[in-house]
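In case you want the letters, here they are:
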Amino acid sequence: MKAWKKNIRQVVPYVPGEQPKKEKMIKLNTNENPYPPSEKVLELMKDPAQFDKLRLYPDPTASMLVEAIADYKGLSKDQVFVGVGSDDVLAMAFMTYFNSEKPILFPDITYSFYDVWADVFRIPFETKALDDNFHIKKEDYYGENGGVIFPNPNAPTGVLMPLSDIEDILIHNQDVIVIVDEAYIDFGGISAQPLLEKYENLLVVQTFSKSRSMAGMRIGYAMGSAELIKALNDVKYSFNSYTMNQPSILWGTASIKDDDYFQKMVAKIVDTREWFKEEMKQLGFHFQDSMANFIFASHETIPAKDIFMAAREKDIYVRYFNKPRIDNYLRITIGTREEMEEFLSFLKEFCGKYK
Ligand SMILES: *Cc1c(COP(=O)(O)O)cnc(C)c1O
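Residues numbered from 1 in each chain as written. Predicted model: local features only at pLDDT ≥ 70, side-chain atom pairs only at ≥ 80, totals over all residues. Heavy atoms only, no water.

Before going further, it helps to examine the site of the ligand. Taken together, the neighbourhood of the ligand is formed by Gly85, Ser86, Asp87, Leu90, Tyr111, Asp181, Ala183, Tyr184, Thr207, Ser209, Lys210 and Arg218. One of the backbone nitrogen or oxygen atoms of Ser86 is found 2.6 Å away from an oxygen atom of the ligand. Ser209 places a side-chain nitrogen or oxygen 2.6 Å from an oxygen atom of the ligand. In isolation the ligand exposes 390 Å². Once the protein is present, 93% of that is buried. One can see that the ligand is located within the largest pocket. Counting residues per element, the shell around the ligand draws most heavily on helix H4 (residues 85–97), which supplies four residues. A per-class count over the shell around the ligand returns four nonpolar, four polar and four charged. (Near = heavy atom within 4 Å. Polar contact = N/O pair within 3.5 Å; in protein donor to acceptor, adjacent residues only side chain to side chain. Areas by Shrake-Rupley, 256 points an atom, 1.4 Å probe, with all protein chains shown as cover. 1 Å grid on protein atoms, 1.4 Å probe; cavity = no way out; pocket = protein on both sides within 12 Å on 5 of 7 lines; lining within 4 Å. Sits in = over half its atoms within 2 Å of the grid points. Helix = DSSP H or I, 4+ residues; strand = E, 2+ residues; numbered from the N terminus. Nonpolar A, V, L, I, M, F, W, Y, C, P; charged D, E, K, R; others polar.)

This is the structure in structure tokens:
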């Protein structure tokens, strides 16, 4: 072996869901929003004045976007941090806050980026098993640790933790930083944001990727005490001042300001989800109640993998995780009503014929 090879950081990277390049497909595998972003964003996209601005570096503080988010959330500017998708915000948060010798804690079944960041930043971690109904057991997070992170609703289960349980975890973790990853909170959950007033060691992370239909723009943000936010910015400025590009700052601001559209689109997805749950039950699927824009379902007799493969043949993409405890589940993103109807008719035919 060449000597220099041992100086290379070895990591097993996160594997994102497939992004097939098909013209016509039903894509229910990466929790994207089936509806377009706000028209207000489209109007800005057509504005030629933006083009000339590309000569210049963007505002390193992204203050227009930070201010819009702060206003919308009723926070002050120094309580908001923005990044290139919440993946960027979370990676930065791992590096900034998780510097203890003690392991950080997160659930065994959760967003599969957490263990990847822990590995790449050499952060010790321990996972805590969800109960048999895929619920987080709050008592598991009482012991000494180097920090806590979990999504709420959890992914890929869709299970929402009540605010009282989150506060309970905070009460038991006053000496470390607790991160609540709220990528899906807009689809019917209650945000932990109000707890920021009481707990200055809490960071709440949200994204424009799912509820705001802007996964392609890469905009995420964190809300926390001024002290936590300053620490995040210090780390960000230590390796790249211009993480947010100019269009993200402008278009993200336009999206935040069009609240009517946002509320309408989210309500549509929630409606479709509730209807889809009933249909899926009738087809023999079971799942925990989901408060996200997906459901995580298992069929009573047919293996998830068989359904996944057969759907794929018909250019219908859902997510299948070949991992312990969840290898008989499908994570199905809620698309438009029409897409879900097509998926259901595929399922009806497939389940009817399956032996
Ligand atoms: C989608 C997702 C993210 C990351 O989303 P971005 O597109 O990077 O904002 C973070 N956490 C969870 C749990 C997610 O599902």
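Resuming the write-up.
Turning our eyes to something else, we now look at the environment of Tyr354. Note on placement: Tyr354 falls in the segment after helix H11 (337–353). It is 9.7 Å that separates the C-alpha atoms of Tyr354 and Ile307, two residues lying 47 residues apart in sequence. In this structure, Tyr354 is in contact with Ile302, Pro303 and Asp306, ignoring residues within four places of it in sequence. (Contact = heavy atoms within 4.5 Å.)

Let's shift gears to the packing of helix H3 (residues 63–73) against helix H8 (residues 246–257). With their axes 8 Å apart at the nearest point, H3 and H8 run at an angle of 20 degrees to one another. Here H3 lies roughly parallel to H8, going by the angle between them. Between H3 and H8 lies a crossing of left-handed hand. In contact with Met64, Leu65, Ala68, Ile69 and Tyr72 of H3, H8 contributes Ser248, Ile249, Leu250, Gly252, Thr253, Ile256 and Lys257. For the contact of H3 with H8, the class distribution of residues is eight nonpolar, three polar and one charged. (Axes fitted to C-alpha atoms, helices over the stretch in contact; angles between N-to-C directions. Parallel < 35°, antiparallel > 145°, perpendicular 65-115°, else oblique. Left-handed = near helix turned anticlockwise from the far one by under 90°.)

Quick look at the sheet that holds strand S11 (residues 316–320) now. Pairing is mixed in the open sheet, where five strands are placed in the order S1-S11-S12-S10-S9. Whereas interior strands pair on both sides, the edge strands pair on one side only; in this sheet they are strand S1 (26–28) and strand S9 (285–287). With strand direction ignored, the average angle separating the axes of adjacent strands in the sheet is 40 degrees. Sheet topology note: the S11/strand S12 (residues 330–333) ladder contains two bridges and is antiparallel. The residue of S12 that forms the bridge with Arg319 is Arg331. Across the sheet, helix H10 (residues 304–313) is in contact with S9, strand S10 (294–299), S11 and S12; its angle to S11 comes to roughly 150 degrees. The strands touched by H11 within the sheet are S1, S9, S10, S11 and S12, with S1 carrying the most contacts at an inclination of about 90 degrees. (Pairing = 2+ DSSP bridges.)

A separate point is the packing of aromatic side chains. Going through the model one piece at a time under the given rule, you end up with 24 aromatic pairs. For the pair Tyr111 and Trp117, a centre-to-centre distance of 6.3 Å together with 70 degrees between the ring planes defines the contact as edge-to-face. Each of the two residues, Tyr111 as well as Trp117, counts as buried. Note on Phe346 and Phe350: the rings are 5.7 Å apart at their centroids and 15 degrees apart in plane angle, and the pair reads as stacked. Taken together, the positions of Phe346 and Phe350, both in helix H11 and four residues apart, correspond to about one turn of that helix. The exposure class of Phe346 is buried, given its relative accessible area of 9%. Taking the relative accessible area as the measure of exposure, Phe350 reaches 17% and is therefore buried. Taken together, Tyr14, Phe94, Phe98, Phe106, Tyr111, Phe113, Tyr114, Trp117 and Phe125 form an aromatic cluster joined through their ring pairs. Over the face of the ring belonging to Phe262 we find Arg212, whose NZ or CZ atom lies 3.9 Å from the ring centre. The ring of Trp275 has Arg337 sitting right over it, with the charged end atom 3.8 Å from the ring centre. (Phe/Tyr/Trp six-rings, centres within 6.5 Å; stacked < 30°, edge-to-face > 60°. Buried < 20%, exposed > 50% of the residue type's maximum accessible area, 1.4 Å probe, protein only. Lys NZ or Arg CZ within 6 Å of the ring centre and 35° of its normal.)

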